[in-house]
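# Structural overview
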Amino acid sequence: MMRIDKCLAHLGYGTRKDVKKIIRSGIVSINGVICTKEDFKFDEENDELSIDGVNVLYSKYVYIMLNKPQGVISATEDGLHETVLNCIQDSTKGLFPVGRLDIDTEGLCLISNDGQLAHDLLSPKKHVAKTYYVEISNPLTSEHIKLLESGITIDGDELCKPANVKILTDNSLELTIMEGKFHQVKRMMIACDSEVTYLKRLTIGSLVLDSELELGEWRYLTDQELESLKQ
């Protein structure tokens, strides 16, 4: 059992303040009876919920796409910096960022409370591809590209899996990697006698950053995106 206002907030109808307005407007009904009290207890497994005459299915898992800006850390809480959870308006318990982006890295951040999906996406055995847009200080040579695509060694003794390199300009590229070592993209560029000056994650597996999301904006994954990601 859960409060109806919390349920609607969980489902993405806005903040608690927003959903209270929705409930008090008289368009929410439970088992065919209009509900105007935000503290009404809703049985998410057995009760039938409808909003403005449309049946709504409740799911205990939440999947959010955030276009993470710089200066925000991939953590659930921090005493010094804003976290990715501070960027979203969803009060569902147990939300966490699936994987990490450095504080100065922008782009696709997946936030969920689905531990199994997170494990599947982050497990080294799964080899889930992640694509980054990278700007660098020095152009890559053909030899650098060959090293990246065959499996470059970083920090002298740590071997990376082969990457896919798409050169865009002399100082920019798209890099797809199949693992998630600490500061991996930055360390790969250092091994290529260059430095990352700007980094943005574009994809995680089949999930692609929505080009309409401005920095700091977020939305829930569509059913199609989620189904494809789980596959």
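Before reading further, recall that the structure is shown in the block above.
Conventions used here
- Residue positions are given per chain, counting from 1 as you read along its sequence in written order.
- Per-residue local features of the predicted model are confined to residues with pLDDT of at least 70, and side-chain atom pairs are confined, for both listing and counting, to 80 or more; whole-chain, interface and lining totals are unaffected and use all residues.
- Note that the side-chain values use all heavy atoms of the structure and ignore hydrogens as well as water.
- Buried residues are those whose accessible area, probed at 1.4 Å on protein chains only, stays under 20% of the maximum for their type, while exposed residues exceed 50% and partly exposed ones sit between those limits.
- Put simply, DSSP marks the helices as runs of H or I at least four residues long and the strands as runs of E at least two long, and each gets a number from the N terminus on.
- Two strands form a pair only when DSSP identifies at least two bridges running between them.
- By nonpolar core we mean a set of buried residues, namely Ala, Val, Leu, Ile, Met, Phe, Trp, Tyr and Cys, connected to one another through side-chain atoms within 4.5 Å.
- What makes two residues a contact is simply this: any of their non-hydrogen atoms within 4.5 Å.
- Polar contacts here mean pairs of N or O atoms no more than 3.5 Å apart (in protein, one a potential hydrogen donor and the other a potential acceptor; neighbouring residues in sequence count only if both atoms are side-chain atoms).
- Directions pointing from the helix axis toward each C-beta atom define the arc.
- Count a disulfide wherever a pair of cysteine sulfur atoms falls within 2.5 Å.

On to the pairing of strand β11 (residues 106–112), then. For β11, the buried fraction is high: 7 of the 7 residues fall into the buried class. Inspection of the sheet shows strand β10 (residues 96–97) paired to β11 by 2 bridges, in the antiparallel sense. Residue pairing for β11: P97 is matched across the bridge by I111. As paired elements, β11 and strand β17 (residues 196–204) share 2 bridges and run parallel to each other. Within β17, the position partnered with G107 by the bridge is R201.

With 30 residues, the main nonpolar core has I111, V134, L148, L175, M188 and M189 as its most contacted residues. Elements supplying a minimum of two residues to this core: β7 (63–68), β11, β12 (130–136), β16 (172–177) and α5 (184–191). Once you skip the residues sitting within four places of it in the chain, M188 turns out to touch L148, I152, I154, C160, A163, L175 and I177.

Regarding α5, the residues found buried are Q184, V185, R187, M188 and M189. Where α5 is buried, its residues meet β12, α4 (142–150), β13 (153–154), β14 (158–159), β16 and β17. Immediately beyond the C-terminal end of α5, within one or two residues, lies D193, with a positive phi of roughly 60°.

Along the chain, T105 falls in the loop between β10 and β11. Accessibility expressed as a relative area gives 1% for T105, which makes it buried. T105 has contacts with K68, P69, Q70, K186, L199 and K200, leaving out every residue within four places of it along the chain.

Bringing the side chain of S172 into the picture now. In this structure, S172 sits in strand β16. When its relative accessible area of 6% is taken as the criterion, S172 is described as buried. Within the structure, S172 has its side chain in polar contact with the side chain of T169 (distance 2.6 Å). Look past the residues within four positions of S172 in its chain and what remains in contact with it is Y133, V134, E135, I136 and I167.

A few words now on the pairing of β16. Among the 6 residues in β16, 5 count as buried, and that is most of the element. Relative to β16, β12 runs antiparallel, the two sharing 6 bridges. Bridge pairing in β16 links Y133 to E174. Of the pairings in the sheet, the one linking strand β15 (residues 164–169) to β16 comprises 5 bridges and is antiparallel in character. Counterpart to T169 in the pairing with β16 is S172. The turn joining β15 and β16, which pair antiparallel and follow one another in sequence, is formed by 2 residues.

Looking now at unusual backbone geometry. Among all residues except glycine, the phi angle is most often negative; among peptide bonds, the trans geometry is most common. The phi angle at D52 is positive, at roughly 55°, despite the residue not being glycine. On the secondary structure map, D52 appears in the loop between β5 (49–51) and β6 (54–56). Judged by relative accessible area, which is 58%, D52 ranks as exposed.

Restricting attention to buried positions, one finds in helix α2 (residues 16–24) the residues V19, I22 and I23. All buried residues of α2 project into a common sector of 95° when viewed along the axis, lining one side. Seen from the buried face of α2, the exposed residues on the opposite side, beyond 90 degrees, are K17, K21 and R24. The inward-facing, buried residues of α2 abut α1 (4–10) and β2 (28–30). Taken from the residues just after α2, G26 is the one with a positive phi, measuring 85°.

Moving on, we get to the state of the cysteines. Disulfide: a covalent bond connecting the sulfur atoms of a pair of cysteines. A complete count under the given rule lists 0 disulfides for this structure. You can see C35 has no disulfide; the closest cysteine sulfur is in C7, sitting 10 Å from it. According to the relative accessible area criterion, C35 is buried, its value standing at 6%.

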